[in-house]
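Chain by chain, the residues run as shown.
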Amino acid sequence: MTSATLLRRITDYAARADPYPLYAELRRTPVARQEDGVYAVSTYWEIAGLLHDPRLSSDPRNRVPTAGEEDILEEEQGLPPSFLRLDPPEHDRLRRLATRPFGPPDSPRRVSDLRGDLARMVSGLIDGLRDRERADIVEDFAYPFPVMVICKLLGVPHEDEERFHVWAEAIVAGLDPGEEGEGPAERLRAAQRARMELGRYLAGLIEDHRRAPGGDMLSALAAGHGDGERMSPLELVVTAVLLLIAGHETTVNLITNGMLTLLRHPDALRRLREEPGLAVPLVEELLRYEPPVQLLPQRTALADIDVGGVVIPRGAPVWLVLASGNRDPRRFPDPDRFDPGRTGNEHLGFGGGIHYCFGAPLARLEAQIALTELARRLVEPRLVEDPPPYRRNPVLRGPRHLPVAFDGCAP
Ligand code: HEM
């Protein structure tokens, strides 16, 4: 089996429920050149090094398009890239401006102040399951919860969820490298259209917030910080699109993967019920063991980069396989064991370096509260289907549905 076909097997839907044995095979060649010129990096230290390497760009404009992508990249007069897809200095300026209303030093309490709202949202969703014996953890809980949170944070009306759900799905599908022999063109085009429409919707909303500001993040971003440095109207729209998508297509998988893992490890579920403080290391272990972002497929080498004796040539596309690095036995003892009390757990689940997940403090708090309450309140929960049906996407990986049976809900 060559490593080229191996990466294809990993993104193939057949591997979605359990890609980990294939990652173990991939790690035998830490930096593996694929037939199409992509370099897949699969071991912990090599990935961590590259996440901090300024010679690796996140900007799609540095990419040599692969077959089928040329036209689309040229057509891309739509929205410019968000700071997720920019390099310094633009990345740093926009991330700094976005951080002002979100985290320290200017807004140290934005996330912690949401704790009460988060707890109420979780209680309300679990109350809705009271008279039932079965639920789909995805549809009934893990999807609606982060959507409510990101709407509250940004100041987006929750009633509009149905409209932007469709755009969000199309944007996320654009990240999917697709099956063998399938061109990415149509999906990329649909993703671009959806980004434009979501951008248009958010531009209208930002205008409303400018006229009548609230305590939300979009109002704060639109108002600027009083020292003259602020985002342009277009940068603001692009950032709002990024936050809305990043804020709701990843946390759903962390919560769902979390519930699935707990149901497969009843001891951990029992422990979490008895010692709620366990939620903190347990969520970190989930981000290592079942990371919602499995790989970062959109980096480009700006120079020849020597990684462990293999030279990644300038211009080459690079995939950082985070989920594989998280199971690297050279970094984590007994890596295939789910150990909710694991210490020294510097996983790659939120990436690393300058693009380290902006929303990490919020995602952590959401997952901690959600899993603690599900563990506490669902009586005798059990899996109806194992493995459950998965979403198609190999990048943002998680179950599409998670049917669970239980004997009622504790108050
Ligand atoms: C469990 C949930 C989440 C996971 C696993 C996750 C994972 C990640 C990862 C791996 C990256 C790095 C991407 C790269 O290096 O190319 C990232 C970046 C980012 N995330 Fe998250 N994320 C989560 C939740 C969130 C939330 C809730 C928000 C928003 C409130 C958010 C906003 C962002 C943004 C804006 C970036 C870009 C940062 C930059 O380029 O500087 N994420 N996330």
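Residues numbered from 1 in each chain as written. Predicted model: local features only at pLDDT ≥ 70, side-chain atom pairs only at ≥ 80, totals over all residues. Heavy atoms only, no water.

1. Topic: the overall build of the protein chain
- Looking only at helices and strands, the protein chain features 17 helices and 10 strands.
- In terms of C-alpha radius of gyration, the protein chain reaches 21 Å, essentially the compact-globule figure of 22 Å for 411 residues.
- Counting only C-alpha atoms, the protein chain reaches 60 × 55 × 40 Å along its principal axes.
- Expressed as a percentage of the 411 residues in the protein chain, the buried residues total 56%.
- When the accessible surface of the protein chain is totalled, it reaches about 17,600 Å², and 53% of it is carbon and sulfur.
- Each charge class in the protein chain was averaged separately, 51 positive and 63 negative side chains, and the resulting centres sit 3 Å apart. (Helix = DSSP H or I, 4+ residues; strand = E, 2+ residues; numbered from the N terminus. Rg over C-alpha atoms; globule rule 2.2 N^0.38 Å. Buried < 20%, exposed > 50% of the residue type's maximum accessible area, 1.4 Å probe, protein only. Areas by Shrake-Rupley, 256 points an atom, 1.4 Å probe, with all protein chains shown as cover. Lys, Arg positive; Asp, Glu negative; His and termini not counted. Charge placed at Lys NZ, Arg CZ, Asp CG, Glu CD.)

2. So, the coordination of the iron atom of the ligand
- Coordination of the iron atom of the ligand by the protein comes from a single atom, Cys357 (SG), at 2.3 Å.
- Within the secondary structure, Cys357 sits in the loop between α16 (322-325) and α17 (360-377). (Donors = N, O, S within 2.8 Å, 3.2 Å for Na, K, Ca; no water.)

3. A look at the pattern of salt bridges
- This model, assessed by the stated rule, comprises 28 salt bridges.
- Across the pair Arg400 and Glu139 runs a salt bridge whose closest N-O atoms are separated by 3.1 Å. Of this pair, Arg400 sits in the loop between β9 (382-383) and β10 (403-405) while Glu139 sits in helix α7 (residues 137-142), and the two are 261 residues apart along the sequence.
- For Arg400, a relative accessible area of 30% translates into the label partly exposed.
- Of the charged contacts in the structure, one is a salt bridge between Arg376 and Glu373, with a shortest N-O distance of 3.0 Å. Of this pair, Arg376 and Glu373 both sit in helix α17, 3 residues apart, which is roughly one turn of the helix.
- On the accessibility criterion, Arg376 (40% relative accessible area) is partly exposed.
- Salt bridges here are not isolated pairs; linked through shared partners, they connect Glu46, Asp328 and Arg330. (Salt bridge = Lys/Arg side-chain N within 4 Å of Asp/Glu carboxyl O.)

4. Structural notes on the pairing of strand β8 (residues 317-320)
- The alternating pattern of β8 places Pro317 and Trp319 and Val318 and Leu320 on opposite faces, both of which are buried.
- Pairing of strand β2 (residues 39-41) with β8 involves 3 bridges; the strand directions are parallel. By the bridge assignment for β8, Val41 is matched with Leu320. (Pairing = 2+ DSSP bridges.)

5. Comments concerning the sheet that holds β9
- Taken in spatial order, the 3 strands line up as β4-β10-β9 in an open sheet, and their pairing is antiparallel. Edge positions in the open sheet fall to β4 (134-136) and β9, since each of these has one partner strand only.
- In this structure, β9 lies alongside β10, joined through 2 bridges in antiparallel fashion. Looking at β10, one finds that Arg382 is bridged to Ala405.

6. Some words on the side chain of Glu290
- Within the secondary structure layout, Glu290 lies in the loop between α15 (279-289) and β5 (296-301).
- When its relative accessible area of 5% is taken as the criterion, Glu290 is described as buried.
- The residues touching Glu290, leaving out its near neighbours within four places in the chain, are Tyr20, Asn257, Thr261, Arg264 and Arg397. (Contact = heavy atoms within 4.5 Å.)

7. Concerning the packing of helix α6 (residues 115-127) against helix α8 (residues 144-154)
- Where α6 meets α8, the axes come as close as 10 Å, and the angle between the chain directions of the two elements is 145°. For the pair α6 and α8, the crossing hand works out as right-handed. Contacts from Asp117, Leu118, Met121, Val122 and Leu125 of α6 reach α8 at Pro144, Phe145, Met148, Val149 and Lys152.
- Class assignment of the residues belonging to the contact of α6 with α8 gives a composition of 8 nonpolar, no polar and 2 charged. (Axes fitted to C-alpha atoms, helices over the stretch in contact; angles between N-to-C directions. Left-handed = near helix turned anticlockwise from the far one by under 90°. Nonpolar A, V, L, I, M, F, W, Y, C, P; charged D, E, K, R; others polar.)

8. Thoughts on the nonpolar core
- Formed by 127 residues in total, the largest nonpolar core has its most connected members in Phe145, Val156, Phe164, Leu198, Leu202, Ile312 and Leu320.
- No other element matches α17, which puts 10 residues into this core.
- Those residues within four positions of Phe164 in sequence are excluded, and the remaining contacts are Val147, Cys151, Val156, Pro157, Leu198, Tyr201, Leu244 and His248. (Core = buried A, V, L, I, M, F, W, Y, C linked by side-chain atoms within 4.5 Å.)

9. Some thoughts on the site of the ligand
- Every one of the 26 residues lining the ligand counts as a neighbour, but His91, Arg95, Arg299, His355 and Cys357 are closest to it.
- In the environment of the ligand, an oxygen atom lies 2.7 Å from a nitrogen or oxygen atom belonging to the side chain of His91.
- Within the side chain of His355, one N or O atom sits 2.6 Å away from an oxygen atom of the ligand.
- Where the shell around the ligand is concerned, the elements lending two or more residues are α5 (90-99), α12 (233-246), α13 (251-264) and β5.
- With 3 residues, the top contributor of residues to the shell around the ligand is α12.
- Residues of the shell around the ligand, tallied by class, amount to 16 nonpolar, 8 polar and 2 charged. (Near = heavy atom within 4 Å. Polar contact = N/O pair within 3.5 Å; in protein donor to acceptor, adjacent residues only side chain to side chain.)

10. Here's the deal with the environment of Gly49
- Within the fold, Gly49 resides in helix α3 (residues 44-51).
- The class for Gly49 is partly exposed, based on a relative accessible area of 41%.
- Sequence separation of Gly49 and Gly215 is 166 residues, and the distance between their C-alpha atoms is 39 Å.

11. Digging into helix α9 (residues 161-173)
- Spanning 13 residues, α9 covers 18 Å between terminal C-alpha atoms, matching the ideal 18 Å at 1.5 Å per step.
- Three or more residues of α9 are buried, namely Glu161, Phe164, Trp167, Ala168, Ile171 and Val172. Seen from one end, α9 has its buried residues packed into an arc of 135°, which puts them on one side. What points out from α9, more than 90 degrees from its buried face, is the exposed set Glu162 and Val166. (Expected span 1.5 Å × (residues − 1). Arc of directions from axis to C-beta.)

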